[in-house]
Amino acid sequence: MIELKDIVVKFGDFEALHQINVDVKEGEFFTFLGPSGCGKTTTLRTITGFIEPVSGTVNVNGEDITHVPIEKRNIGIVFQSYALFPTMTVYQNIAFGLKVQKLKKKEIDQKVRDIARKVDLTDEQLEKAVSQLSGGQQQRVAIARALVTGPSIICMDEPLSNLDAKLRVGLRNELKRMQREFGITTIYVTHDQEEALTLSDRIAVFNKGYIEQIGTPNEVYNHSKTEFVCNFIGDINPLCDALAARMGLDIHRHHFIRLERIRVNAPAQGGEVRMEGTIKSGEYYGLYIKYFIDCGAQTLKVIEKNDGISIHSPGEKVMVAISPRDVMSYDA
């Protein structure tokens, strides 16, 4: 569907993207994930045509669109700021692209109302100025405007970042529902790991203009290809040399373990390394509790499901177990 081949982007002497290669399948929800300034938005803007690479090609369905103008790429775009027209009504905002296509008034009206229903915008809201809508409603307008022209691809640049946490979670679910319903190929840019893991079919993890790993949420989380991915995705425990040696691991490499992989006061299993620890403190998150456990050689962070009964207190002695097979290791 979308193939980026050896994409290099420069701004003056600065090389922002280094030989980027991505292959997005039709109907896929594909996320570009990484910290600020890593190249994910630059890659998105290269796909949409706002940036032209110095070398490499952008192909859609086998056709080279590297030098095709933005308006001829048939790609819907949802910006971080939504980029809605504040002086227009919701209806006028959604209809804008259709008017540019010079469709008949009746056809425009039908398409606008059809797409509005699909993104849960009422007829009453269609007549309001966009400034009268909440952030979540404005986001729906931006998505409706991007979808109404029937693009084969939709690109979203951090569309939830301006919303509060609760609304962000709710709209995240709606985004995935809409994407499945429309079956549209989606490129999504975010720095939020949880958002990426929740929404994506596959994720490309960016770092300083390079792609560190492309994989499913499970692959990038549980089988991180590089130390950067391991540290960037979710929380992690780096293992000190003393603990690594005790587990029979090569101390000349770097070793990490996810918080939920460490077992506390659990029945012994074969191959585990078990040690006594002391609860230093805990952080209560409702669904789970994060504990900080002093194991002598180092303090480990551990997550346990909150059952409301077996909650550990500071100073309590516990038995900690780690299996070497759960450790992710990388060359120093």
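Structural notes, computed from the coordinates. (Residues numbered from 1 in each chain as written. Predicted model: local features only at pLDDT ≥ 70, side-chain atom pairs only at ≥ 80, totals over all residues. Heavy atoms only, no water.)

Things to note about the nonpolar core
Phase 1: With 35 residues, the main nonpolar core has Val 90, Ile 94, Val 112, Val 141, Ile 143 and Leu 175 as its most contacted residues.
Phase 2: Secondary structure elements with two or more residues in this core: helix H2 (90-100), helix H3 (105-118), helix H5 (135-147), strand E7 (153-157) and helix H6 (165-182).
Phase 3: It is H5 that contributes the most residues to this core, 6 residues altogether.
Phase 4: When near neighbours in sequence (up to four residues on either side) are disregarded, Ile 143 contacts Val 78, Val 119, Met 156, Leu 175 and Met 178.
Phase 5: Grouped together as the second largest cluster of nonpolar side chains are 27 residues, Leu 4, Val 9, Ile 20 and Ile 65 included. (Core = buried A, V, L, I, M, F, W, Y, C linked by side-chain atoms within 4.5 Å. Buried < 20%, exposed > 50% of the residue type's maximum accessible area, 1.4 Å probe, protein only. Helix = DSSP H or I, 4+ residues; strand = E, 2+ residues; numbered from the N terminus. Contact = heavy atoms within 4.5 Å.)

Focus: the sheet that holds strand E14 (residues 273-284)
Phase 1: One open sheet holds the 5 strands; their spatial order is E13-E17-E14-E15-E16, and the pairing between them is antiparallel. A single partner strand is all that each edge strand has here, and the edge strands are strand E13 (263-264) and strand E16 (299-305).
Phase 2: Strand direction decides the pairing type here: E14 and strand E17 (residues 317-322), joined by 6 bridges, are antiparallel. Residue Glu 276 lies in a different strand from E17, and its bridge partner there is Met 319. (Pairing = 2+ DSSP bridges.)

With respect to empty space enclosed by the protein
Phase 1: Enumeration over the complete set of coordinates arrives at 1 cavity of 30 Å³ or more.
Phase 2: Put simply, the largest cavity is a space of about 70 Å³.
Phase 3: Lining the largest cavity we find Phe 29, Ile 143, Leu 147, Ile 154, Met 156, Leu 175, Met 178, Gln 179, Phe 182, Ile 184 and Thr 186.
Phase 4: When contributions to the lining of the largest cavity are tallied by element, the ones reaching two or more residues are H5, E7 and H6.
Phase 5: No other element matches the 4 residues that H6 contributes to the lining of the largest cavity.
Phase 6: Per-class residue counts for the lining of the largest cavity are 9 nonpolar, 2 polar and no charged. (1 Å grid on protein atoms, 1.4 Å probe; cavity = no way out; pocket = protein on both sides within 12 Å on 5 of 7 lines; lining within 4 Å. Points joined across faces, edges and corners; volume = space filled by probe spheres on them. Nonpolar A, V, L, I, M, F, W, Y, C, P; charged D, E, K, R; others polar.)

Focus on the packing of aromatic side chains
Phase 1: Taken as a whole, this structure holds 8 aromatic pairs when the rule is applied.
Phase 2: Summarising the aromatic geometry, the rings of Phe 30 and Phe 32 are spaced 5.9 Å apart at their centres and angled 85° between planes, so their arrangement reads as edge-to-face.
Phase 3: The class for Phe 30 is buried, based on a relative accessible area of 0%.
Phase 4: Taking the relative accessible area as the measure of exposure, Phe 32 reaches 0% and is therefore buried.
Phase 5: Ring centres of Phe 256 and Tyr 330 lie 6.0 Å apart, and the angle between their planes is 55°; this geometry places the pair in the tilted category. Within this pair, whereas Phe 256 is found in strand E12 (residues 253-257), its partner Tyr 330 is found in strand E18 (residues 328-331), the two being separated by 74 residues in sequence.
Phase 6: Judged by its relative accessible area of 4%, Phe 256 falls in the buried class.
Phase 7: Judged by relative accessible area, Tyr 330 falls into the buried class, the value being 7%.
Phase 8: One aromatic cluster is present, formed by Phe 30, Phe 32 and Phe 206 through successive ring pairs.
Phase 9: For the cation-ring pair, Arg 258 lies above Tyr 221, with the distance from its terminal atom to the ring centre recorded as 4.2 Å. (Phe/Tyr/Trp six-rings, centres within 6.5 Å; stacked < 30°, edge-to-face > 60°. Lys NZ or Arg CZ within 6 Å of the ring centre and 35° of its normal.)

Coordinates in, geometry out; function isn't part of it.
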